[in-house]
Amino acid sequence: SLHWVAKVRLGNDLEAILKGNPAYPIYRQFLAEFGSDEGVICFFTTGALDKEGLLQLYDLVKCIESLEFVQVSTSVLSLIPSRYTKDRENFARYLKRPRTIGRIAASIKRTRLARKRLASDKLSALSVLVRLDMPSGGGPAIQKERRRILQRFRQAIKGKIDKEIGLLGYPVIEDRVLELIKESNVILMPMAVFVGSATLLIVFRRVTLLLAAMGGVLSGLFWMLATFPLRDYTLNAFSTMLFPLVLSIGLTTTIHILSAYLARARRRRGPEEHPELTALPEVVPPCILCTTTTFIGFISLAVNDIQEIRNFGIYAAVGTLFSLAAALLYIPSVLKLSNFGAVELAGKRKKDRLGGWLSLLASEVYSRRRAVGILFIIILFFSMEGIRRLPVESASIRGLYASDPLIQTKKAYEKGFAPLMALELLVKLPNMGTVLELDGFRSICSFQEKLETVQGVHGSLSAADLLLDTSSFIAKKEKKDVPTERELELLERFLRTEARASLMKTFISEDGERTRIHLTIEPEGSIAILRLAQRVKKVARDCLPKGTEFTITGRNYLSAITHLNTMRNELTCFLLSVMAILVVLMVTFRSIVVGLLSAVPNLLPLTMTFGTMGFLGVPFNVTTGMILCVTIGLVVDDTIHYLFRYRSHRREGNHIRLAIKKASARVGRPIVSTSIILATGISVLTLSNFRMIVQFGTFTALTIVYALFADLVLLPALLGLFPNVLASHPRK
């Protein structure tokens, strides 16, 4: 296992996520025709457009252009005649000429492709748009190469100018995500082991039991990690949550096994009895059932569209099975070898005070079962109101904290430049018309004017703007329209020269049929982006000529679709897991009523959690949506142990009240212990630098707490309200 664990690598296979999207082929066609939409933005503040700032820009651009992995770079220098930018000395002399700075400023203001892209609105900051020759696709090998190229780029431009250079763009965001994954794994894995060990010591107060529990769980975790290379699975944003989660689940199984062992050891009748073996028959059936329900909750994620979530569900389910197998193999062996028996328990806790308190609580709940039922109905109504207010949103960059350096850089850029989020529009005019023809040109210009009136649209750039920029470049002043076919032909001939061919390809496909419109947008959330896309499509249908083929694509658009589909899939996975778990419970207890009854204290905590999120304004997103499938398999475990014990006491002929008291006293401590260890173990995720992972850890732990409250209060009340459930004898 250790040999295979060493092969686990870091990665963030975002291309694999997009490949599952039906719009992905359109995006690949866009990349083939117009090039990548994931360039790097380098920008720095100058305070004002002056000689010093332009010389700094010159030094930065020349450094960037000298790198072999840079495909193309665009800056304000592109607006200056090349004869003045041959070398730095010549450029410095050019800037000393009277009115040179003013002419450059005027050129920026009349050039559409430069406004708020190559220079900020007040000309107080300058930028360089760079396209790096980076491999596309996912997987750890490609991710490593992409990170290596970006790191070389950072090192190359570091210290080239005396200004602080901000870097943005998809490759930069991707690199930051991978760095945070690495940092999170370094922190979360050891902390999960430490918190789990500390909790076990508090619960059992014996180092021998700690070693027995942690040894079994860690063995199962190593087996799980050793399977990663079999599917080329990598440590990513979702797998970061995997280790603390599976560790906590494994520890809950060991707690129930050790609790049954301790109870048997205190009652053993002679030295010939082996409590480490005789305790297994009474605890293995509920443990297997709990593992089964947890497995169902996790494996339901395997039908999700996002590959990383599918793998998360598969490996979490496999890790749960490994943890149970390791616990059943490891714990009895350690206890037998350590000779930890009844002698070791002498003088220890003679009376289970916690069990006694929980027994009294159960008795009071039974006496006031109708009032308890009404209380939970009120809680349910409040929770539903919170769910009604629950925002539904998701975007990858929102997974970072507002204090993250990358978010601060993004804010600094958007303060003077255009928004970072964008959509790519592909337009094919009817009758083979193109933007290089007069009718096509006017159609695109009219469409762009309409787009400016759409809420959420910041600006647009197209081949029409390229033509107008070329016209203004020739005329030395901004020109609003190109009125004749002859002028368009001259402009096209000028643009197709070798020096401007790459710029032409950016907006017009090689066959000339399709035109690209780059749309900068203000919304960042997936739902808002998709709603904006619908508004843009409506304007396109109303404005563009009949028969026009119109498509929206781009990485931001595909990510928004993927996030929305994923959230829908998570709800589907949750419903499937709930039905599967209910069937398992009905078959196990041979009662439809028991299955339905057990659903109440397990679904209510989820309702309370998402109601709390709604009141706090925490959104339902890709990560928090996973709470549904993850926790439904966890919270049902304590219910199963409680029902097994309650059924056992009822079959002994005990009165309902006495059976509830005995069940609470017997499994109360393990239930509280497992809930504490689950909540604290999962709370380790709050130490992550990912905001969405922190939200997942926080509200998963909160769900566990709510479930403990429901099992200790609501479940006894329900059993009291339905006295014939699990009863082998008539009610006395």
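Residue indices follow the written sequence of each chain, beginning from 1 at its first position. Under the rules for a predicted model, residues below a pLDDT of 70 receive no local features and side-chain atom pairs below 80 are neither given nor counted, while totals for whole chains, interfaces and linings still include all residues. Excluded from the side-chain calculations are hydrogens and water; all other atoms, namely the structure's heavy atoms, are used.

### Re the overall build of the protein chain
The following threshold applies: Per the convention used, a helix needs a DSSP run of H or I reaching at least four residues, while a strand needs a run of E reaching at least two, with both numbered from the N terminus. In this scheme, a residue with accessible area under 20% of its type's maximum is buried, one over 50% is exposed, and one in between is partly exposed, where area comes from a 1.4 Å probe on protein chains only. Contacts: residue pairs with any heavy atoms within 4.5 Å of one another. The Shrake-Rupley method, run with a 1.4 Å probe sphere, supplies the accessible areas, and residue values consider only the shown protein chains as cover.
Secondary structure assignment for the protein chain yields 26 helices and ten strands. For the protein chain, the proportion of its 732 residues judged to be buried stands at 58%. Sequence separation of at least 24 residues holds for 80% of the intrachain contacts in the protein chain that already meet a minimum separation of 6. As presented, the protein chain carries roughly 31300 Å² of accessible surface, and 58% of it is formed by carbon and sulfur atoms.

### Here's the deal with the side chain of aspartate 175
Relative to the elements of secondary structure, aspartate 175 occurs in helix α8 (residues 170–204). In this view, aspartate 175 contacts Arg147, Leu150 and Arg154; residues no more than four positions away in its chain are not counted.

### Structural notes on the packing of aromatic side chains
The line we're drawing: A pair of Phe, Tyr and Trp rings is counted when the ring centres sit within 6.5 Å of each other, with Trp represented by its six-membered ring. The angle between the planes then sorts it: under 30 degrees is stacked, over 60 is edge-to-face, the rest tilted. Any Lys NZ or Arg CZ found within 6 Å of a ring centre and within 35 degrees of that ring's normal is scored as a charge over the ring.
Under the defined criterion, the tally for this structure stands at ten aromatic pairs. A centroid spacing of 6.0 Å and a plane angle of 65° characterise the contact between phenylalanine 43 and phenylalanine 417, whose relative ring orientation is edge-to-face. Of this pair, phenylalanine 43 sits in strand β2 (residues 40–45) while phenylalanine 417 sits in the loop between α16 (405–416) and β7 (422–428), and the two are 374 residues apart along the sequence. As far as the burial class goes, phenylalanine 43 and phenylalanine 417 line up, both buried. Seen in terms of ring centroids, phenylalanine 376 and phenylalanine 709 are 5.4 Å apart; in terms of plane orientation they differ by 35°. Their pairing is tilted. Here phenylalanine 376, found in helix α15 (residues 369–388), pairs with phenylalanine 709, found in helix α26 (residues 691–721); they are 333 residues apart in sequence, far enough to count as distant. Assessed through its relative accessible area of 37%, phenylalanine 709 is described here as partly exposed. Among the aromatic residues, those joined into a cluster by ring pairs are Phe43, Tyr413 and Phe417. In this arrangement the basic side chain of arginine 369 is found over the ring face of tyrosine 366, its NZ or CZ atom lying 4.3 Å from the centre.

### Brief notes about a nonpolar patch on the surface
Let me state the cut-off plainly: Think of a patch as exposed residues, more than 30% relative accessible area, with no salt bridge, where like charges cluster within 9 Å and nonpolar side chains (Val, Leu, Ile, Met, Phe, Trp, Tyr) cluster within 5 Å. The term salt bridge refers to a pairing of a side-chain nitrogen on Lys or Arg with a carboxyl oxygen on Asp or Glu at a separation within 4 Å.
Taken together, the side chains of Val186, Ile187, Met191, Phe194 and Leu687 define a hydrophobic patch exposed on the protein surface, amounting to about 460 Å² of accessible area. Position of phenylalanine 194 among the secondary structure elements: in helix α8.

### Some thoughts on the nonpolar core
So the rule is basically this: Remark: nonpolar core denotes a set of buried residues (Ala, Val, Leu, Ile, Met, Phe, Trp, Tyr, Cys) joined through side-chain atoms within 4.5 Å.
The biggest cluster of nonpolar side chains holds 232 residues, and the ones touching the most others in it are Cys42, Leu132 and Phe153. Examining the composition of this core, we find that 16 residues originate from one element, α26, more than from any other. If we skip the residues at most four places from it in the chain, cysteine 42 touches Leu60, Ile64, Leu126, Ser127, Val128, Val130, Phe153, Ile157, Ile165, Gly166 and Leu167.

### Things to note about unusual backbone geometry
Although it is not a glycine, leucine 123 adopts a positive phi angle of roughly 55°. With respect to the helices and strands, leucine 123 occurs in the loop between α6 (100–110) and β4 (125–132). Its relative accessible area of 9% is what places leucine 123 among the buried residues. A positive phi angle, close to 55°, is found at arginine 590, a residue other than glycine. One can find arginine 590 in the loop between α22 (555–589) and α23 (592–616).

### Looking at the sheet that holds strand β3 (residues 70–74)
In plain terms, the rule: Here, strands pair whenever DSSP counts at least two bridges between them. What counts as an axis is a line fitted to C-alpha atoms, over the stretch in contact for a helix, and the angles between N-to-C directions run from 0 to 180 degrees.
Strand order in the open sheet formed by four strands is β3-β4-β2-β5, and the pairing between neighbours is antiparallel. Since the sheet does not close on itself, it has two edges, and those belong to β3 and β5 (166–168), each with one partner. Mean inter-strand twist for the sheet, computed between neighbouring axes without regard to direction, equals 25°. Seen against the sheet, α16 touches β2 and β5 and runs at an angle of roughly 95° to β5.

### Let's talk about the sheet that holds strand β8 (residues 457–461)
If you walk across this open sheet you meet the four strands as β8-β9-β7-β10, and the pairing is antiparallel. The open sheet terminates on both sides in strands that have one partner only, identified here as β8 and β10 (549–553). Put simply, the sheet's adjacent strands are angled 25° from each other on average, direction ignored. Summarising the sheet, β8 and strand β9 (residues 514–521) pair through four bridges and their orientation is antiparallel. The residue of β9 that forms the bridge with glycine 459 is threonine 520.

### Section: the confidence of the model for the protein chain
Formally: Residue-level confidence of the predictor is summarised by pLDDT, bounded by 0 at the bottom and 100 at the top.
With 86% of its residues at a pLDDT of 70 or more, the protein chain has an overall mean of 81. Note that residues 341–349 has pLDDT below 50 and, in this model, 14 contacts with residues that lie over four places away or in other chains.

### Description of the packing of helix α4 (residues 51–65) against helix α5 (residues 88–96)
Axes are the key here: two packed helices are described by the angle between their axes and the distance separating the axes. Spelled out, the test is: For classification purposes, an angle smaller than 35 degrees is called roughly parallel, one larger than 145 roughly antiparallel, one from 65 to 115 roughly perpendicular, and anything else oblique. In this scheme the crossing of two helices becomes right-handed for a clockwise turn of the near helix relative to the far one and left-handed for an anticlockwise turn of less than a right angle.
In contact at an axis separation of 10 Å, α4 and α5 are set at 155° when each is read in the N-to-C sense. One finds that α4 runs roughly antiparallel with respect to α5. Once α4 is placed against α5, the crossing between them reads as right-handed. Contacts from Lys51, Leu54, Leu55, Tyr58 and Asp59 in α4 reach Arg88, Phe91, Ala92, Leu95 and Lys96 in α5.

### Some details on a positive patch on the surface
Condition: Positive charges come from Lys and Arg alone, negative charges from Asp and Glu alone, with His and the N- and C-terminal ends not counted. For charged residues, the charge sits on one atom: NZ in Lys, CZ in Arg, CG in Asp, CD in Glu.
Judged by side-chain charge, Arg83, Arg97, Arg99 and Arg103 come together as a positively charged surface patch. Looking at arginine 97, the relative accessible area reads 41%, which means it is partly exposed.

### A look at the environment of alanine 302
Relative to the assigned elements, alanine 302 resides in the loop between α12 (280–299) and α13 (307–337). When the C-alpha positions of alanine 302 and alanine 317 are compared, they lie 9.8 Å apart, and in sequence the two are 15 residues distant. Non-local contacts of alanine 302, meaning those with residues more than four positions away in its chain, are made with Arg310 and Ile314.

### Focus on the environment of proline 419
Inspection of the secondary structure assignment puts proline 419 in the loop between α16 and β7. Here the alpha-carbon distance between proline 419 and glutamate 524, two residues 105 residues apart in the chain, equals 9.4 Å. Among all residues touching proline 419, those that are not within four sequence positions of it are Glu414, His458, Thr520, Ile521 and Glu522.

### Remarks on α13
Given 3.6 residues per helical turn, the α-helix brings residues three or four places apart onto the same face. Short version of the rule: By this rule the span expected of a helix is its residue count minus one, scaled by 1.5 Å. Bend is the name given here to the angle between axes fitted to two runs of seven residues, the run ending at a residue and the run starting at it.
The end-to-end C-alpha separation of α13 is 44 Å, in line with the 45 Å expected for 31 residues at 1.5 Å each. The sharpest bend along α13 comes to roughly 25°, located at alanine 327.

### Here's the deal with the side chain of threonine 199
Threshold: Whenever two N or O atoms come within 3.5 Å, that pair is a polar contact, provided that in protein one can donate a hydrogen and the other can accept it, and provided that, for residues adjacent in sequence, both atoms are side-chain atoms.
Along the chain, the position of threonine 199 falls in helix α8. Within the local environment of threonine 199, its side chain forms a polar contact with the backbone oxygen of valine 195, the two atoms lying 2.8 Å apart. Other than its neighbours up to four places away in sequence, threonine 199 contacts Ile676, Ile677 and Thr680.

### A word on the environment of leucine 406
With respect to the element layout, leucine 406 can be found in helix α16. Exposure remark for leucine 406: the relative accessible area of 6% places this residue in the buried category. Separated by 239 residues in sequence, leucine 406 and leucine 167 have C-alpha atoms that sit 8.3 Å apart. Look past the residues within four positions of leucine 406 in its chain and what remains in contact with it is Leu167, Leu168, Val172, Ile173, Arg176 and Leu400.

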